[in-house]
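Structure at a glance
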Amino acid sequence: MKKRTLLIIAKQFCASVFKSKAIYLLVLTLVVLLVIAARSGVAYYDQNHYRIDHQQMARESWEGNPDKHPHRMAHFGTFAFRLKHPLSIFDFGVESFTGNAVFLEAHKQNVVNFSEASFSTGLLRFGELSMAMVLQTILPLIIFFIGYSAIVADRENGTLKILLTQGAKWKEILFGKALGLSAISLLFCLPFLGTITFILLTEEHVVQDDWMRFAIIVIAYSLVCFILSFITIYVSLKSDSSKNALVKLLGLWLLMVILVPRTSQAIGAYFYETPSKVEFRAAIEQDVLKYGDSHDINDPFFKALKDSVLQANHVKTVEELPFNYGGFLMSKGERISANIYGEHHKQLLDQYRKQNQLTQWLAIINPFLALKNLSMSVSGTDFESYVHFQEQAEDYRYKLAQKMNSLQMKYITPNPNDKTKGSQVSRDQWKSFSDFQYTQLTTEAAILNVKVSIISILSWFIFSIALLVYGAKKATAI
Amino acid sequence: MSLYLLMFRQFVRTRICQLGLSMVLVLGIISIFIGKQFLDKQRATAAQVAETQQEHIKRNVDLHKDDLGLLLYYLKFAVVNDVSPLAGLSIGQKDINPSVQNVTILALEGQKYDADLVNPATLLFGNLDLSFLIVYVFPLLVIAFNYNLLSEEEEGGTWKMVSVMSVHRWRHLFTKMSVRAVLLFGVLIILFIIAAGILGIEYNLAFSKIILTSMLYIAFWFAIVAFIISLRRSSNFNAVALLFCWLIFLILIPAVLNNVIVNKYPMPEAFTTMIKQRDGYHEKWDTNKRETVEKFYKQYPQFSSYGFPSEASKLQWLWYYAMQNLGDVESKEESALLEAKVLKRDDVSQTWSMLVPSLHAQLIFNSLAGTGMENYLDFLNYTEQFHEKTRLYLYPKIFSYNKAEGVDWDRFKPEHVSFEAHITWSHLLLPFIGAIFLLVCATLISFRYFNS
Amino acid sequence: MLEAINLSKKYGEHQALKSLNLNVPAGETYCLLGQNGAGKTTTINLFLGLLKPSGGKTLINGVEVNMDKNTTNSMIAYIPEVVQLYGNLNGLENLEFFSRLSGHNHSKKWLVSLLSKAGLKEKHHTKKLSSYSKGMRQKVGVAIALSKNAQVIFMDEPTSGLDPQATAEFTAICKELVSEGKTIFMATHDIFNAVNVGSRIGIMKEGELIHSGKTLDLTAIELQDLYLKTI
């Protein structure tokens, strides 16, 4: 394969594409979509302001509490607001379908509420326009549209014969055109990546790590541009008329981009049923009751617990203990119920993961899906990033409840008649318990979560090259 | 007639027809089973609530029979929004908005927006219900079956023959198209019949409105195809132009509209309501009890005979429930703003959908199946009424220090409600008929223009 | 210059060429006549190396096409029935593209002179190819062949659909090429033109060469009689 010939063919392909008027219409469409998507992305991301403000508002009222009994503070509770990753400007992922705020209090794991979807009118289900969506959905169509006739039209009108008798090799023709098409599709990506770079540069919350994530996005989308261009040229080579090539490619797009993802996820959800909130709560309540009911004075578990504590401290009644027994009891109860909840929640998440599994694995045969999964994960907007938030919120909730319990044990009088300790704790304690601080999933973890997709994109890249090499071997001009 | 049969046979034998119809049948049956599973799950949840409520009440009554105030701190009362079998056709928002509310008589604001447990990834990819098939996939079949209706004959050279042989060559085209229409409408009806059987849908007005909407929507796509054909361009042009139309109506316009609505009407009130409700309740612990109870009596003067609690006493249920209620009262403003915004969002999407048949069809399906936003808002309002009704019944019993046996617990069975969709005929029909009329006019004009 | 030895080609069951033997010396214009499906285009495709023979071989200047395609390829050029090329590029751009493809790096001036030599008026050089008539396209095809400095030029039905003036111009160009020592091999239906430009004639029927000879001693009428008789 001669580099010179390759470049001549690639350049000629680009030149002839830019000589047609249709390309400018496509460029215009893409630019309009880019502007809309970028503006929405920034506006979506700006909702972080509401969340930061409310996190602050919740904190102020937490700190504003006077001296009081710590258990009342445990019920006063606080809130965790989910902050968006800066790259969510690029790829909205599941963001609109995940809850954004959760009330954190003792004894109770509340649902993360107020997702965008819960306020939506059903319009949302048609999808959202993000920059990633344009690159994943619309750009492939444009690549197919520009490239479908690349080989087959030359064959139909005999130009291919001239090309070959002029000394071009099949490999040079195929790869030349494929590279030309790739160059054009990369050119289409450029404004999108440029816009994101600009936004990230002007955004104050961006850290080093985010640039690393962005680099992965750039590489992944570029590779997919190559893959799609190579496949387009292969289909064009293998079709007997340009109409056939077009119909094949459009059919491929519909199947791979629209039908397969939705069907596979629906089938996954069909086979792995998940409980509704009512069932989920009831199952947890059942398990907690199995341990025992701390409200019931005659409950054997809690009675045994009390006896062992009394014995260990060599006293007869809880009032004689050196610490507040109520606080102790609640810290035990909190640990038990948090463990049970954690168990159930893990099962639920595993069930969700099973539902997602089919779609995850289908990424192996569907590069569009691989790109979608990878892009979401790296943009911090996928399922696992959301789970990461839930886990942090629950972790903080547990710490808060236990902190209040330990304050109760330490500072609250075990005996109403003993006046050495009061029934309140100083408000300074509220301030000294730090606020909820959300940290994003690490980049390594985000990448590991989508290893199937990464392998898929890399193998597709190699496969699509192999396809063209194979095509070149078998190709005929007639 | 035999000519018609011949055309029928010719089309049925093409690969695209066999492939397209079998795909839509398979997907259709999958979608119906998904709808069936959804309905079963909704019903199972409702049944479980009914079953456990009694048990739940009994267990707690046994534990706290002497302290009604404490007992009602724990007790939950269910209200169930009955799911219509039509929801199996169009799941809409029903997967995320729960159709069971399980509320205590404490402050409501913190409870009522509790979402159901959902897998966000499943929501992202969307439900594969019959409405998806009708809104997304049927138009694709209309396009695939018709895009080369005329260009195929022109490119293959048969059009000249047809023009010479037939007096009414346009009628020939129309007949060809009608063959495809008959097949597609036939498959649609078959799917509806299967769905009615499996989902247990009775034939009623709402169901027939759904069928009518589907047919009009598909007819709208036939009109688009007719218009593109009338431009008399190549098969390739038609395929690209029609797919572009599909993209516009099913991906781009809805997505852009959604982005605009979300950004124009953000929902910070949701967060504020949540915080205010908590603060409104909790700060009463540290303020004057008399003030709190006075505010409560302003709400409900009928209870003022219960007097005021002494500041010294530790806990009095009258004061406690007054605090809880004031949590709701003090977040009322934000709550109302929130509801107004949700209504505004609904309103804007309804208005715009009049111009976009794909959106219109989906929203009509959701409304008729009771899975849309307005159904959920109705349910939330009902939950509020139910909550107040329950509270008002129980308040005097708590305030007068009744014991648990003083309450007739049997009356607390889960309450079932259902809401009628209000869709006028003109609202349903006008957008479709308007769009089809415009397209047919454009088609006739352009045929005349390109023919001369 | 061109040689076919026992050349045969099968498409599945169909025998397109049956043991064809052919010899064209350098500097000749060889016209291959025959009905549609007689095997003319297949013969050309085999010489071009676009098809592999089922049996026998093709030689160009003594080099077997399927053994050393690089060498044979450098000696030949091809002009199809309708020279389509790239409609949205102009004649000069098309010529530049194809000449660079063959490894040459001609100056623009030289390319312009080639187009002019091929008979394309200078004002048309920078017009889009999609606006060209069939004759003009053919001239670009000839210029491409010239730019490659090919010794053999294959043509498939070069005169079909050309008006008489364009045909005359084309004939003139062919004669000029031959006078410069090029070899031309064309498949054609046009008996009169074959007699006019061809120095040798071959008539094919069902994959076989049933007549081959010089045209000097034939008139067009005689050839037509011969053609009708043989097929």
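Residues numbered from 1 in each chain as written. Chains lettered and ligands numbered in written order. Predicted model: local features only at pLDDT ≥ 70, side-chain atom pairs only at ≥ 80, totals over all residues.

Some details on the overall build of chain C
Within chain C, the regular secondary structure consists of eight helices and 10 strands. In terms of overall dimensions, chain C is globule-like: its C-alpha atoms have a radius of gyration of 17 Å, near the 17 Å expected for 231 residues. Overall size of chain C, expressed as C-alpha extent along the three principal axes, is 45 × 40 × 30 Å. Looking at chain C residue by residue over its 231 residues, the buried ones come to 48%. Once local pairs closer than 6 in sequence are excluded, the contacts in chain C between residues at least 24 apart make up 69%. (Helix = DSSP H or I, 4+ residues; strand = E, 2+ residues; numbered from the N terminus. Rg over C-alpha atoms; globule rule 2.2 N^0.38 Å. Buried ≥ 20, exposed ≤ 12 C-beta atoms within 10 Å, placed from the backbone. Contact = placed C-beta atoms within 7 Å.)

Concerning the sheet that holds strand β2 (residues 14–24) of chain C
Each strand in a sheet pairs with its neighbour through backbone hydrogen bonds, running either in the same direction (parallel) or in the opposite one (antiparallel). Residues and elements named next belong to chain C. Read from one edge of the open sheet, four strands run β2-β1-β4-β5, paired in antiparallel fashion. Lying at the two open borders of the sheet, with one neighbouring strand each, are β2 and β5 (63–64). Relative to β2, strand β1 (residues 2–11) runs antiparallel, the two sharing seven bridges. Each residue of the ladder has a partner; that of Tyr 11, found in β2, is His 14. (Pairing = 2+ DSSP bridges.)

What to know about the packing of helix α3 (residues 91–101) of chain C against helix α4 (residues 108–117) of chain C
All names here are of chain C. Close contact between α3 and α4 brings their axes to 10 Å; oriented N to C, the two are set at 110 degrees. As judged from the angle between their axes, α3 and α4 are roughly perpendicular. Note that α3 runs across α4; the crossing there is right-handed. Facing α3, whose interface residues are Gly 91, Leu 92, Leu 95, Glu 96 and Ser 99, α4 presents Leu 111, Val 112, Leu 114 and Leu 115. Considering only residue class, the contact of α3 with α4 consists of six nonpolar, two polar and one charged. (Axes fitted to C-alpha atoms, helices over the stretch in contact; angles between N-to-C directions. Parallel < 35°, antiparallel > 145°, perpendicular 65-115°, else oblique. Left-handed = near helix turned anticlockwise from the far one by under 90°. Nonpolar A, V, L, I, M, F, W, Y, C, P; charged D, E, K, R; others polar.)

So, the interface of chain A and chain B
Where the parts come together, the accessible area they lose is often given as the size of the interface. Counting residues at the interface gives 69 residues for chain A, matched by 70 residues for chain B. At 13 residues, helix α9 (residues 242–271) of chain A tops the list of elements feeding residues into the side of chain A that touches chain B. Grouping the amino acids of the side of chain A that touches chain B by side-chain chemistry returns 37 nonpolar, 22 polar and 10 charged.

Side note on unusual backbone geometry
All names here are of chain C. Positive phi is not limited to glycine here, since Ser 19 has a value of about 45 degrees. Within the secondary structure layout, Ser 19 lies in strand β2. Judged by local crowding, Ser 19 falls into the partly exposed class, with 15 C-beta atoms found within 10 Å.

Section: the arrangement of the chains
The interface with the highest contact count, out of two pairs of chains in contact, is the one between chains A and B. Left apart from each other, chain B and chain C have a closest C-alpha approach of 18 Å.

What about the interface of chain A and chain C?
Across the contact, 21 residues belong to chain A and 24 residues belong to chain C. Looking at the side of chain A that touches chain C, the elements that each hand over two or more residues are α1 (3–19) and α6 (159–165) of chain A. Here the residues of the side of chain A that touches chain C sort into eight nonpolar, 11 polar and two charged.

Considering the confidence of the model for chain B
Reading predicted coordinates in detail is not appropriate for stretches of low pLDDT. In the predicted model, chain B carries a mean pLDDT of 89, and the fraction of residues at 70 or more is 97%. Across chain B, helix α10 (residues 205–230) of chain B holds the top mean pLDDT of 96, while helix α8 (residues 158–165) of chain B sits lowest at 72. (pLDDT = per-residue confidence, 0-100.)

Quick word on the sheet that holds strand β3 (residues 415–417) of chain B
Residue and element names in this part refer to chain B. Within the open sheet, the three strands sit side by side as β2-β1-β3. Their pairing is mixed. One side of each edge strand has no neighbouring strand; the edge strands of this open sheet are β2 (100–103) and β3. Going from strand to strand, the sheet's axes swing by 20 degrees on average, the running direction of each strand aside. Relative to β2, strand β1 (residues 77–81) is paired through four bridges, and the arrangement is antiparallel. Its bridge partner lying in β2, Phe 77 is registered against Val 103. Lying on the sheet, helix α17 (residues 373–399) is in contact with β1, β2 and β3; it crosses β1 at an angle near 150 degrees.

Thoughts on the UniProt feature "transmembrane region" (unreviewed entry) in chain B
All names here are of chain B. UniProt tags residues 12–34, 130–150, 181–201, 207–229, 236–257 and 428–450 as "transmembrane region" (unreviewed entry). A helix fraction of 91% and a strand fraction of 0% characterise residues 12–34, whose end C-alpha atoms lie 29 Å from each other. Taken as a whole, residues 130–150 contains 81% helix and 0% strand, while its terminal C-alpha atoms sit 31 Å from one another. (UniProt positions renumbered as here; feature names shortened; annotations may be inferred.)

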